[in-house]
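Listed below are the residues making up each chain.
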Amino acid sequence: MALARRGPVFRGRSHTAPARARSGRAGRSWRRSGVSVAALVAAVTIGISACAIGPDPGPALVPGGGGNGGQTAPASSSAPAKAPELRAPANDLPWQDCAAKVSGDYGAPAPNGLRVQCATLASPVDPDRSQTTLSLALTRITSPTTPADAAPLVLTSGTDMPSSRALLLLASGAGRSLLDKHPVVAVDRRGIPQSTPLDCLTRADRAAYADNGLTRGASEDRRIGDLASAASDAADACTETLAPDQLAFGVGAAASDLETLRKRWGVPQLGLIGVGEGSDVVIGYTALYGGRSGRIILDTPTPFGANARDTAAAAATGVQAALTTFTQRCAALGSACALGSGGAATIADVLSKGRTGDLGALSDTQALAGITTGLALAADSPDGIGGVASAIAAADRGDTDALSDLADQAQSLRLTDGQIVGDCNDVTGPVSQNEIGGLISTWSKDNPLTGTDAALSLMRCNGWSAGEAVTPPSSFPVAPLILDNPGDPINGGTGADALGALFTRASTSPITVSWNGLGYSALARSSCVADTVADYVASASLGGPSERGCPS
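All figures in this text were calculated on a predicted structure; none of them were measured in a lab. (Residues numbered from 1 in each chain as written. Predicted model: local features only at pLDDT ≥ 70, side-chain atom pairs only at ≥ 80, totals over all residues. Heavy atoms only, no water.)

Across its full length, the chain holds 19 helices and 10 strands. With 552 residues in all, the chain has 57% of them scored as buried. Put simply, of all contacts in the chain between residues at least 6 apart along the chain, 81% involve residues at least 24 apart. Accessible surface, the chain: about 20,600 Å² in total, of which carbon and sulfur atoms supply 50%. (Helix = DSSP H or I, 4+ residues; strand = E, 2+ residues; numbered from the N terminus. Buried < 20%, exposed > 50% of the residue type's maximum accessible area, 1.4 Å probe, protein only. Contact = heavy atoms within 4.5 Å. Areas by Shrake-Rupley, 256 points an atom, 1.4 Å probe, with all protein chains shown as cover.)

Turning our eyes to something else, we now look at the pairing of strand 8 (residues 481-484). Residues Leu-481 and Leu-483 of strand 8 are buried on one face, and the alternating residues Ile-482 and Asp-484, pointing to the opposite face, are buried as well. Direction of pairing for strand 7 (residues 293-299) relative to strand 8: parallel, over a ladder of three bridges. Directly across from Leu-298, in strand 8, lies its bridge partner Ile-482. Bridging between strand 8 and strand 9 (residues 511-515) involves four bridges; their strand directions are parallel. Its bridge partner being in strand 9, Ile-482 is matched across the sheet by Thr-512. (Pairing = 2+ DSSP bridges.)

The subject of this paragraph is the nonpolar core. The tendency in soluble globular proteins is for nonpolar side chains to be buried side by side. If you look at the biggest cluster of nonpolar residues, it comprises 124 residues, and the most contacted ones within it are Leu-138, Leu-178, Ile-436, Trp-464, Leu-483, Leu-523 and Val-533. Sorting elements by how many residues they give to this core places helix 5 (residues 220-242) first, with eight residues. Contacts of Leu-483, omitting those with residues within four sequence positions, involve Ile-297, Leu-298, Asp-299, Thr-300, Pro-301, Val-513, Ala-522, Leu-523, Val-529 and Val-533. In terms of nonpolar packing, the next biggest core, distinct from the first, is built from 29 residues, Cys-330, Ala-367, Ala-395 and Leu-406 among them. (Core = buried A, V, L, I, M, F, W, Y, C linked by side-chain atoms within 4.5 Å.)

This part is about the pattern of salt bridges. Side-chain pairs of opposite charge can arise where the charged atoms are in close proximity. Inspection of every chain in the model, using the stated rule, returns 17 salt bridges. A salt bridge links Glu-259 to Arg-262; the shortest N-O distance between them is 2.8 Å. A residue pair is termed a helical-turn pair when its members lie 3 or 4 positions apart in one helix, as Glu-259 and Arg-262 do in helix 6 (residues 251-265) at three residues. By relative accessible area, which is 0% here, Arg-262 ends up buried. A salt bridge links Arg-292 to Glu-259, with the nearest nitrogen and oxygen atoms 2.4 Å apart. In this pair, Arg-292 is assigned in the loop between helix 7 (278-288) and strand 7 and Glu-259 in helix 6, connecting sequence segments 33 residues apart. Salt bridges linked by common partners bring Arg-189, Glu-277 and Asp-426 together as one network. (Salt bridge = Lys/Arg side-chain N within 4 Å of Asp/Glu carboxyl O.)

Attention now moves to the environment of Arg-397. Among the structural elements, Arg-397 can be located in helix 11 (residues 382-397). A residue is classified by how much of its surface remains accessible, and Arg-397, at 66% relative accessible area, is exposed. Note: C-alpha distance between Arg-397 and Val-350 (47 residues apart in sequence) is 9.2 Å.

Under the counting rule described, the total for this entry stands at five disulfides. Covalent S-S linkage joins Cys-98 and Cys-118, the inter-sulfur distance amounting to 2.0 Å. Across the S-S bond linking Cys-98 and Cys-118, the dihedral sits near 80°, which makes this disulfide right-handed. Linking Cys-98 in the loop between strand 1 (96-97) and helix 2 (99-106) with Cys-118 in strand 2 (residues 115-124), this pair joins segments that are 20 residues apart in sequence. Judged on exposure class, the residue Cys-98 and its partner Cys-118 are both buried. (Disulfide = S-S within 2.5 Å.)

This is the structure in structure tokens:
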């Protein structure tokens, strides 16, 4: 299933001054031998919004850390006693109804009884240096009872999937009750198909990423080498195509897009929801524009600022745990579960067949991505669990049609050029090629379904340069609300614990709500979580314990 693309494709500017980089390959040129950048770069004129960005009514910046904003953070030992009141936009965007368009983009039903609207916003490619803008796609969903003067909440899922798809998940789940009190506006990450999509990888490189370098009959060492080579080629191609903006797609840039929205709206602060990797964007925004984070909601967060090895190891462990939860819940359904009591073994068989070329055209990497994405989006119900189980069981019998559909969905939602560039812009502590074999051996013992894929995926950013990392906040303007979901099949649910040290250093005490369900986003799936979020938005100082739970 291919995603429809909104807006022009971004292929860089005809300007060759390189952006600041770190972790680049010594001695490598920004150009492929014998091919000039100008010959590869298409001239694209990205229209600036017809409405000028209005005056900035925001408070003086109180960034939480040095970051990319050129600001210095004052010391702070605690969050303010009273949280700022969130305001409705003074200068809103020209929203247009688009339920059919969004539904068609994702092959998902339009949310029943809700209004889906879309708008675009021009945002500077580089807010410090660039006069060029790119077009961001925004999606707003409201209910018939959403107050007209309610402050909107801004949702981002980072590079996990388009934020508009995560918003559809919220609108179709139990968490939709939040929409009765506040509009929720999804801002799709720059560079992905909805927000000025990037187009810089070759078809061969995209295929190598999708399969993590698998060639039928090849050895593990050959697979690692082939993926490393494809990643290196992709790094060269994207650098040449996007220069001088090849490093303008990381967390700091995504945070600057939220600041563009805040200025356009003419509001002092934003209420922010970061789902999965989107939590990095929200924390990054707080670090760079700290006084303008009016509410900070981190839904199943990832470990901000962790190095590549630790991030991959945590994901391997967390996604393995989510798959275990899936197989256990499936087994409890009895005859309604096609996997029966041996779900883990069947998944292992399917992945093994993918590695040996016995799963039709599907590789093990594609099969695992299809399974995890299917679980991420499926309803946390017998029908939702049973549908993914049936696709796995059928593939094990040789009928791969349903699992292939899930794999196609996964690639469309999670592995576009823009997501690869964004992830590699942010990578820290890259792992060398000769370490991958050992990590496969070690991680696959503890996480037999996910360890191999997590280790191989470290090679996807081989040879890429990364942008300057955003410094973690040294303080928070409001205490964050953490939604902890150990059943997240995209990133694994281990990031909330990993953020503990960051909060301690920032002298803040977040409120944590645990939901032990299955799927992407605790907020989308629990009315209890949604009610807690609504209370937090109304007054960030929630009464009661700092750790609480919601039934799954």
